[in-house]
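Secondary and tertiary structure notes
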Amino acid sequence: MGPGPSDVPPRVLNALGRSTLGHLDPLFIDLMDETKSLLQYAFKTENPLTMPISAPGSAGMEACFVNLVEPGDKVVVCINGVFGRRMVENVTRCGGRAVVVENQWGTQTDLNAVEDTLKANPDSKILAFVHAETSTGVRNDAASLCHLAQQFNCLTIVDAVTSLGGIEVDVDGWGIDAIYSGSQKCLSCVPGLSPISFSERAVSVIQNRSHPVQSWFLDMNLIVGYWGQGGKRAYHHTAPVNSVYALHESLLMLKEEGLENAWQRHQTGHEKLRDGLAALGLEMAVDTGYRLPQLNVVVIPDGVDDGEVRGQLLRDFNLEIGAGLGALAGKVWRIGLMGYACKDRNIDHCLASLSKVLQ
C-alpha cells in the first residue's frame, strides 16, 4: 500500500504465465490490437497512436519529450513535486529550453502563474505538467491547464502515471496532445510497461521535425510500424509478450468494472481510510479540494520515528507504505489505494496495523 507498484490480482498473474508467443505471431498481433483498443477506452481517446511502450513510465515520459521537443524549443514545465523536475531534465537533454512554473510541494500548480508565464513566453511550443503528483498526493487541474495551453497554441505533455484508472482522465475531452502512464499503479499490472497516446496534432509535429528523434528505440516514426492498427507489421523490437498479456488482462478488468465505477471505488476507499486515520489522530497533508484518493499523504505526528514505523509495519504485519520524498522526507507517509489494493480488507488491515505500531 505504498506509491506503487500496487498489488497484482490473480487474473493478471495468471495471464502473465501463459505460453509465450512470437512477437509477430498473428495471435499476438490480434492481442496487440485489442490492447490498443482497451487503452483508448482507459484514456478516453480515439487517437490511433495509442500503445504501451516496452519499458516503465519513465520511458513513456522520455518518449513524449524526445518526439516532440527539438533543439531550441521552449517548453513551459509546471513543478510541484519530484516528477515535474524530471520533465525539466528531459527538456534539457533534448536541447530544449525549460521555462519553469514552480509551486510549493503539497499545493496545486497555480493557473494564474501558468497563464502569466505563457503570456511572457509567446514562442512556447509545449506546456508540460504532472496530473497526479506521486510525491505529494496532489491532483493538478488538467482540464484547465490544457485549456490554457490551447489558448496560447501550445502542445501539452501530461504525466498520468498515477492517475490513469484511479481518477478521471479525458484525453480527447481535455485536448491532451501527448500523455504517458505506467502499468503498475491504478491499473494493477506488473511493472515494466508505459501506456502512451499522441493526438493527431502531435503526430503531425513528429512527422515534420527538422531534426531526427534523438532516441532510436523511442522514435514514434519507427514504433508505429510495429504497433499500427491492422495490416502488415514491421519488426522494431521484441515486445515483452507476457507483460502485454498481463496489461491486456488488467485493462479488460478495468473495462468490465467501468471507468466511472473504478474512479468511485478509489474515492470511496479514500474516504474510509481518511476517516480511520482521523480516528487515530492522524491528519492528511493535502487540501481536500485537490487530494488524490489513490495516494494518501499523511502527516507524521511529532515524536514519531518515520523509519521505525514503516519498518515495523513491514516486519510484523507484512504491510508496506511509502516514505516522503524530497522536501517531504521524514514528514509524511504515502499510503497507496491503487487498483486491486483499493479494497476494504486492505484498508482495515492498514488501519489496524498502524494503530498497533503507533501505540
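Quick note: structure is the one above.
Residues numbered from 1 in each chain as written. Predicted model: local features only at pLDDT ≥ 70, side-chain atom pairs only at ≥ 80, totals over all residues. Heavy atoms only, no water.

If you check helix H13 (residues 344-358), its first and last C-alpha atoms are 21 Å apart, about what 15 residues at 1.5 Å a residue would give, namely 21 Å. Three or more residues of H13 are buried, namely Asn346, Ile347, Cys350, Leu351, Ser353, Leu354, Ser355 and Val357. In this structure, the buried residues of H13 make contact with helix H11 (259-279), helix H12 (306-317) and strand S12 (332-336). (Helix = DSSP H or I, 4+ residues; strand = E, 2+ residues; numbered from the N terminus. Expected span 1.5 Å × (residues − 1). Buried < 20%, exposed > 50% of the residue type's maximum accessible area, 1.4 Å probe, protein only. Contact = heavy atoms within 4.5 Å.)

Taken as a whole, this structure holds 0 disulfides when the rule is applied. Free cysteine: Cys146, not disulfide-bonded; nearest cysteine sulfur from Cys78 at 10 Å. A relative accessible area of 0% places Cys146 in the buried class. Note on Cys350: no disulfide assigned, nearest cysteine sulfur contributed by Cys342 at a separation of 12 Å. (Disulfide = S-S within 2.5 Å.)

Moving on, we come to the sheet that holds strand S2 (residues 74-79). Read from one edge to the other, the open sheet built from 7 strands follows the order S1-S9-S8-S7-S4-S2-S3, with strand pairing classed as mixed. At either end of the open sheet lies a strand with only one pairing partner, and these are strand S1 (49-53) and strand S3 (97-102). Going across the sheet, the axis of each strand differs from the next one's by a mean of 15 degrees, ignoring polarity. Across the sheet, helix H3 (residues 57-68) is in contact with S1, strand S4 (126-130), strand S7 (155-159), strand S8 (178-180) and strand S9 (194-198); its angle to S8 comes to roughly 165 degrees. Relative to the sheet, helix H8 (residues 200-207) contacts S1, S7 and S9, its axis offset from that of S9 by approximately 85 degrees. (Pairing = 2+ DSSP bridges. Axes fitted to C-alpha atoms, helices over the stretch in contact; angles between N-to-C directions.)

All chains considered together, the criterion is met by 2 aromatic pairs. Seen in terms of ring centroids, Phe28 and Tyr245 are 6.5 Å apart; in terms of plane orientation they differ by 70 degrees. Their pairing is edge-to-face. Here Tyr245 lies in helix H10 (residues 241-257) and Phe28 lies in helix H2 (residues 26-43), a separation of 217 residues in the sequence. Phe28 gets classed as buried once you look at its relative accessible area, which sits at 0%. For Tyr245, a relative accessible area of 6% puts it in the buried group. (Phe/Tyr/Trp six-rings, centres within 6.5 Å; stacked < 30°, edge-to-face > 60°.)

Turning our attention to the nonpolar core. Judged by nonpolar contacts, the single largest core of 95 residues is most densely connected at Phe28, Ile53, Phe65, Leu68, Ile157, Phe198 and Met220. No other element matches the 8 residues that H2 contributes to this core. Met1, Met284, Trp333 and Leu351 belong to the second largest nonpolar core, which has 20 residues in total. (Core = buried A, V, L, I, M, F, W, Y, C linked by side-chain atoms within 4.5 Å.)

With 5 of 5 residues buried, S1 is to be regarded as a mostly interior element. Inspection of the sheet shows S1 paired to S9 by 5 bridges, in the antiparallel sense. Residue pairing across strands places Met51 opposite Ile196, the latter belonging to S9.

For the coordinates displayed, the defined rule picks out 18 salt bridges. Across the salt bridge formed by Arg11 and Glu249, the nearest N and O atoms sit 2.8 Å from each other. One end of the pair, Arg11, is in helix H1 (residues 10-16); the other, Glu249, is in helix H10, with 238 residues separating them in the sequence. The salt bridge involving Arg274 is made with Asp275; its shortest N-O contact spans 3.0 Å. Within this structure, Arg11, Arg18, Glu249 and Glu256 form a network of salt bridges that share partners. (Salt bridge = Lys/Arg side-chain N within 4 Å of Asp/Glu carboxyl O.)

Turning our attention to a nonpolar patch on the surface. Residues Trp216, Phe217 and Leu222 make up a contiguous nonpolar surface patch of about 300 Å² in total accessible area. By the secondary structure assignment, Trp216 is in the loop between H8 and helix H9 (220-227). Given the relative accessible area of 55%, Trp216 is considered exposed. (Patch = residues over 30% accessible without salt bridge, like charges linked within 9 Å, V, L, I, M, F, W, Y side chains within 5 Å. Areas by Shrake-Rupley, 256 points an atom, 1.4 Å probe, with all protein chains shown as cover.)

As a further point, take the side chain of Asp177. Relative to the helices and strands, Asp177 is located in the loop between helix H7 (171-174) and S8. Each residue touching Asp177, except ones within four places of it in the same chain, is listed here: Cys154, Leu155, Thr156, Ser197, Phe198, Ser199, Arg201 and Ala202.

With that settled, consider H10. The terminal C-alpha atoms of H10 lie 25 Å apart, and with 17 residues this matches the ideal 24 Å at 1.5 Å per residue to within 8%. Burial analysis of H10 places 12 of its 17 residues in the buried class, which makes it a mostly covered element. For H10, the complete set of buried residues consists of Val241, Asn242, Ser243, Val244, Tyr245, Ala246, Leu247, His248, Glu249, Ser250, Leu251 and Leu254. Looking at the packing, one finds that the buried side of H10 touches H1, H2, S1, H9 and H11. Within two residues after H10, Gly258 carries a phi angle of roughly 95 degrees, on the positive side.

Once that is clear, we can look at the sheet that holds strand S10 (residues 295-299). Strand order in the open sheet formed by 3 strands is S10-S12-S11, with antiparallel pairing between adjacent strands. Strands with a single pairing partner mark the edges of an open sheet, and in this sheet they are S10 and strand S11 (322-323). Relative to S12, S11 runs antiparallel, the two being bridged by 2 bridges. When the sheet's bridge partners are listed, Gly322 is paired in S12 with Arg334.

This brings us to the packing of H12 against H13. Here H12 crosses H13 at 120 degrees, and the two axes come no closer than 10 Å. Overall, the two elements H12 and H13 adopt an arrangement that is oblique. Between H12 and H13 the crossing geometry is right-handed. Counting all contacts with H12, which are made through Val309, Gln312, Leu313 and Phe317, the residues of H13 involved are His349, Ser353, Leu354, Lys356, Val357 and Leu358. (Parallel < 35°, antiparallel > 145°, perpendicular 65-115°, else oblique. Left-handed = near helix turned anticlockwise from the far one by under 90°.)

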